[in-house]
Structure formats: C-alpha cells, structure tokens
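Residue-level structure breakdown
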Amino acid sequence: MTIIKPLLVAVLLASSFAAHAKYNGEDRGKPMLPAQVNAKWQAECSGCHMVYPPGLLPAASWKKLMTGLDKHFGVDASVAAADQAEITAFLVANPSNRWTATTAPLRTTEGEWFKAKHGGIKAEVWSRAAVKSKSNCTACHTGAEKGVFDEHNIRIPN
Amino acid sequence: MKLTLTTTIAALAVALPFAASANPVLDGYKAEIKGTFTVAAGEKLYNTVGPNQLACASCHTASPKNVGKHAKTNKAIDPLAPSVNAKRFTDAATVEKWFKRNCNDALGRACTTQEKGDFMTYVLSIK
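Predicted, not measured: the structure shown is a model, and the values here were computed from it. (Residues numbered from 1 in each chain as written. Chains lettered and ligands numbered in written order. Predicted model: local features only at pLDDT ≥ 70, side-chain atom pairs only at ≥ 80, totals over all residues. Heavy atoms only, no water.)

This part is about the state of the cysteines. Within the structure shown, the criterion is met by 1 disulfide over all chains. Note on cysteine connectivity: C103 of chain B is disulfide-linked to C111 of chain B, with sulfurs 2.0 Å apart. Disulfide C103 of chain B-C111 of chain B: the torsion about the S-S bond is -100°, which places it as left-handed. A relative accessible area of 11% means that C111 of chain B is categorised as buried. Left unpaired, C45 of chain A is separated from the closest cysteine sulfur, that of C48 of chain A, by 9.4 Å. Between C137 of chain A, a cysteine without a disulfide, and C140 of chain A, which holds the nearest cysteine sulfur, the sulfur-to-sulfur distance is 9.3 Å. Take C137 of chain A: its relative accessible area is 11%, and that puts it in the buried class. (Disulfide = S-S within 2.5 Å. Buried < 20%, exposed > 50% of the residue type's maximum accessible area, 1.4 Å probe, protein only.)

In structure tokens:
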C-alpha cells in the first residue's frame with residue numbers, strides 16, 4: 001500500500017501531463033483571437049498577407065518573429081519602432097494558451113497540431129492556384145482571419 | 001467687379017492643373033536634394049529587375065494603374081497610381097515605409113532620394 005500510493009500519484013501526473021502535451025505540446029490556442037484586436041496589428045500584417053490570429057503560436061514565436069521583420073520569410077516587412085513594440089505587445093498578450101512545448105516555430109505550419117490536422121490533404125490540393133501555399137489559411141478556412149478554424153467553415157477550392 | 005471675378009476664375013483655371021499635380025511628399029524629396037526628377041528615369045526604375053529577380057512591375061504589374069498581386073502571398077495590391085487610387089502617396093511616413101521595404105526586396109538595397117523622386121514623378125504622371 002505504501003508503494004501503490006506514490007505509484008498512483010505518478011500515473012495521475014503522467015496522464016494529466018499527456019493531456020496537456022497533445023501534439024507534443026505544440027498545440028494552438030483557444031480562443032485564437034481576442035474580442036478586441038489591435039488596429040496596428042490588423043493594418044500592418046494585412047498589408048501583405050492574411051492576418052494570423054495570435055493564438056496560433058506561443059509568445060516566444062511572436063517575439064522572435066517581430067524582431068526579424070526586416071527579413072520576414074525573405075521579404076522586408078520592417079515597421080516603425082513604435083509600431084513594432086505595439087504589435088509585439090498585442091501578440092505576446094494573446095498567444096496560444098495550449099502550447100506547452102518549449103519550441104517556438106516561426107511558421108504555424110511547422111506546429112505538430114497543424115501537421116496532425118492536415119496530414120490527410122494531398123499535395124495536389126496544396127498546389128492548386130487558389131491555395132498556393134500552406135500559409136494561405138483563408139483559401140479553405142473561410143473564418144481564419146476571425147480566428148475560426150472549425151470544420152463547419154471549411155470550403156476547399158477547386 | 002464682374003471683370004475681376006472673371007479674371008479670378010480665369011486665373012484659377014490656369015493655376016488649378018498645376019495645383020492638382022503638386023504632391024507634398026514629392027515636394028519634400030525635391031527640396032531634400034534640390035534636384036529635378038524625370039518620368040523616364042522613374043519608368044526605367046519601375047521596370048528594373050534586381051538581384052532577386054524582382055522588379056516593381058513584378059507585383060504592381062506593367063501599369064501602376066492596375067491592381068497588383070503580392071509575389072509570395074497572392075494578396076491583391078491596390079493600384080499605385082493616384083489617378084485611380086487617391087490614397088497613394090498622401091502620407092510621407094507610409095511612402096517611406098514602402099520605399100524601404102520594396103527597394104530592399106526588388107533592388108537589394110535602399111533607394112536614393114533621386115530614385116524615389118523619379119519613381120513618384122513617373123507614377124504621378126500616369127493618367
């Protein structure tokens with residue numbers, strides 16, 4: 001009995017850890033977009049691409065991303081220092097609330113949850129003109145920019 | 001009195017086309033280098049392909065009047081020419097932000113004030 005008790009505690013701890021460590025801890029947040037969004041974030045990010053809800057990545061990812069805007073996936077996306085600080089603060093205040101891994105990818109598509117959820121999609125679908133890239137969430141997830149990624153809002157273009 | 005009014009209207013009619021073509025941002029560049037800018041130099045720059053195989057025209061298309069398309073993300077880009085998009089070249093900070101980004105991407109370096117002025121002179125000339 002004295003042995004069983006600590007064992008039970010250990011098993012309970014392990015199972016609760018496993019629940020949190022879904023997708024190896026690289027799990028996106030929920031909710032992914034706060035009710036109040038930052039206007040600078042909206043304006044600056046949407047200048048070149050869809051706005052990615054901050055809950056898609058952990059705070060460490062956003063910090064890293066926001067300090068390298070002059071070389072942003074091969075493009076110069078630099079913003080004024082004050083805007084950079086304001087946008088970073090918004091992202092870091094609303095990151096994924098499920099991410100327990102210490103990893104901090106710059107690409108949402110590199111997260112384990114992304115890979116697990118999109119594993120069944122054929123290469124041919126990704127390469128369709130209306131999709132073009134895995135980073136183009138809105139091609140299929142019609143509510144992506146509002147943080148809605150559930151299966152009811154998916155429309156895969158031909 | 002009637003004569004004065006007519007003269008005033010006539011004077012305005014002459015002056016207006018010039019007033020309409022003036023752009024404070026372009027004036028700023030002009031004052032900065034005390035130089036002159038040309039449509040031809042701006043058009044040449046617009047079509048110059050840089051080290052990354054990108055030109056301004058790659059995304060903004062052959063004419064600044066057209067809706068463009070981002071080379072990487074496919075996102076639509078509103079026309080550059082103020083003749084079809086009045087919001088363009090109205091805010092100096094925004095103009096500077098995009099020159100910094102796009103000169104780096106297309107030319108692999110910063111643009112000079114001369115180049116920015118030539119570029120704007122070309123884009124503003126598109127009617």
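Taken residue by residue, the interface counts 12 residues in chain B and 14 residues in chain A. Looking at the side of chain B facing chain A, the largest losses of area belong to K72, K75 and R101 of chain B, adding up to 42% of the total buried there. At the surface where chain B touches chain A, the tally comes to 3 salt bridges. Note that E44 of chain A and K97 of chain B form a salt bridge whose closest N and O atoms lie 2.8 Å from each other. (Contact = heavy atoms within 4.5 Å. Buried area = accessible area lost by both parts, 1.4 Å probe. Salt bridge = Lys/Arg side-chain N within 4 Å of Asp/Glu carboxyl O.)

Counted by the stated rule, this structure contains 7 aromatic pairs over all chains. Taken together, a centroid distance of 5.5 Å and an interplanar angle of 80° make the contact between F99 of chain B and F119 of chain B edge-to-face. In this pair, F99 of chain B is assigned in helix 5 (residues 92-107) and F119 of chain B in helix 6 (residues 113-125), connecting sequence segments 20 residues apart. Side by side, F99 of chain B and F119 of chain B carry an identical accessibility label, which is buried. A cation sits over an aromatic face here: R28 of chain A above W113 of chain A, 5.5 Å from the ring centre. One residue, R101 of chain B, lies across the ring of W98 of chain B, its end atom 4.5 Å from the ring centre. (Phe/Tyr/Trp six-rings, centres within 6.5 Å; stacked < 30°, edge-to-face > 60°. Helix = DSSP H or I, 4+ residues; strand = E, 2+ residues; numbered from the N terminus. Lys NZ or Arg CZ within 6 Å of the ring centre and 35° of its normal.)

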